[in-house]
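Here's the letter readout for the chains.
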Amino acid sequence: ERLDEASVRAVGAAQRDWLLYVARKTSVFAFWPAVTKHLFRGRLKMGLALRRRQKELFLPLIDARWERKKQINRGAGVVLPMAETTFEHSYVDTLLDIKLPEEEAGRALTDDEMVILCSEFLIAGTDTTATGLKAVVLEGLRRHPPAHFLLPHKAMEDMEIDGYLIPKGATVNFMVAEMGRDEREWEKPMEFVPERFLPGGDGEGVDVAGSREIRMMPFGVGRRICAGLGVAMLHLEYFVANLVNEFEWREVPGDEVDFAEKPEFTVVMANPLSARLVPRSRS
Ligand code: HEM
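The sections below set out a description of the structure shown in this document. (Residues numbered from 1 in each chain as written. Predicted model: local features only at pLDDT ≥ 70, side-chain atom pairs only at ≥ 80, totals over all residues. Heavy atoms only, no water.)

### A look at the site of the ligand
Okay, step 1: Around the ligand sit 14 residues in total, of which L150, H153, P218, R224 and C226 are the nearest.
Okay, step 2: Here an oxygen atom of the ligand sits 3.4 Å away from a polar atom, N or O, in the main chain of L151.
Okay, step 3: R224 is positioned with one of its side-chain polar atoms (N or O) 2.8 Å from an oxygen atom of the ligand.
Okay, step 4: It is helix α8 (residues 229–246) that provides the largest number of residues to the shell around the ligand, a total of 3 residues.
Okay, step 5: A breakdown of the residues in the shell around the ligand according to their chemical character gives 11 nonpolar, 2 polar and 1 charged. (Near = heavy atom within 4 Å. Polar contact = N/O pair within 3.5 Å; in protein donor to acceptor, adjacent residues only side chain to side chain. Helix = DSSP H or I, 4+ residues; strand = E, 2+ residues; numbered from the N terminus. Nonpolar A, V, L, I, M, F, W, Y, C, P; charged D, E, K, R; others polar.)

Structure (structure tokens):
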């Protein structure tokens, strides 16, 4: 069931403490661990204490899921596939279902393994579920992709697409910017509306890597897709989050924001942004 605010905050604090501690204090154990674990035993003790705290918080929640699952299965008499029950399937339920392969004697996951996996899941999920932030970045990439074309590609064999023959050897250019501005795909495509990527919007669940569909492809798709897609998205979200977190942004009177573009190595603002940045007060 849903957690109350205080419990969510406690989990958040435990995750943060753990992550910061690992990032700052534990790299010493990568070198000669048999010795460093004695030399830095204070650090090891602290790390283990932080893990214990996660365990204290996570195990009751995992147990509750386990109990709930047992109740539902008892009520139904048979184990129903999750799709046929009203039971919302969670990540923990999947972990509870896991049986390790034969070499591990087909055992279930231990408490420690469950806690570690839940912790990793929360850490990995935090970035990807920062949906508002992601929406702003995606809308920027849809409306103003830095590359209006991909690198030129070449047809390896004759292909027919939509009744057109693309002959073997032909150079193929992809109109990336035009795809993002296609009225058949996007509502009011020329407007900057990050909300379109939120639930219910015309861009909800868009797949920039193009594995399900292609509605925008700022990083290309397929085997030559941008090798830096993951790091670029992470960096952009981090960058935007910090610009907003650290400063208040104000217009310079008489110097309106102009979204006109001009091509340089990539496509950039024709008239660079002027803004007054005021550091946010932390009091
Ligand atoms: C917003 C940021 C970025 C955008 C919009 C972008 C976009 C692109 C595009 C359109 C391509 C050509 C794909 C194709 O021809 O099919 C490409 C290729 C590539 N990108 Fe990015 N990129 C970005 C950031 C990065 C970063 C940060 C890195 C490195 C850390 C990177 C590394 C590469 C590499 C190595 C290729 C060549 C891949 C290949 O040809 O196999 N990119 N990128």
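### Considerations on unusual backbone geometry
Leaving glycine out, the prevailing phi sign among residues is negative, and the prevailing peptide bond configuration is trans.
Okay, step 1: Positive phi outside glycine occurs at W32, with the angle close to 50 degrees.
Okay, step 2: We classify W32 as exposed; its relative accessible area is 55%.
Okay, step 3: A positive phi angle is found at D162, which is not glycine, with a value near 55 degrees.
Okay, step 4: With respect to the secondary-structure elements, D162 resides in the loop between β2 (159–161) and β3 (164–166). (Buried < 20%, exposed > 50% of the residue type's maximum accessible area, 1.4 Å probe, protein only.)

### With respect to the packing of aromatic side chains
Okay, step 1: Evaluation of the coordinates by the stated rule reveals 5 aromatic pairs.
Okay, step 2: Aromatic side chains F31 and W32 sit 6.5 Å apart centroid to centroid with 70 degrees between the ring planes, which places their arrangement in the edge-to-face category. Like F31, the residue W32 is exposed in the burial classification.
Okay, step 3: Here Y91 and F121 contribute two aromatic rings whose centre-to-centre distance is 3.8 Å and whose plane-to-plane angle is 5 degrees, an arrangement assigned as stacked. With Y91 in helix α4 (residues 91–97) and F121 in helix α5 (residues 111–128), this residue pair connects regions lying 30 residues apart in the sequence.
Okay, step 4: Assessed through its relative accessible area of 28%, Y91 is described here as partly exposed.
Okay, step 5: Residue class for F121 comes out partly exposed when judged on its relative accessible area of 44%.
Okay, step 6: Sitting above the plane of the W186 ring, R142 keeps its charged end 5.5 Å from the centroid.
Okay, step 7: One residue, R215, lies across the ring of W186, its end atom 4.3 Å from the ring centre. (Phe/Tyr/Trp six-rings, centres within 6.5 Å; stacked < 30°, edge-to-face > 60°. Lys NZ or Arg CZ within 6 Å of the ring centre and 35° of its normal.)

### Comments concerning the pattern of salt bridges
Oppositely charged side chains may form a pair once their charged atoms are brought near each other.
Okay, step 1: Inspection of every chain in the model, using the stated rule, returns 15 salt bridges.
Okay, step 2: Among the salt bridges present, the one from R9 reaches E5, with a minimum N-O distance of 3.2 Å. Placement of both R9 and E5 in helix α1 (residues 5–25) is noted, with a separation of 4 residues, approximately one turn of the helix.
Okay, step 3: For R9, a relative accessible area of 59% gives the class exposed.
Okay, step 4: Linked by salt bridges that have partners in common, E139, R142, R196 and D202 make up one network. (Salt bridge = Lys/Arg side-chain N within 4 Å of Asp/Glu carboxyl O.)

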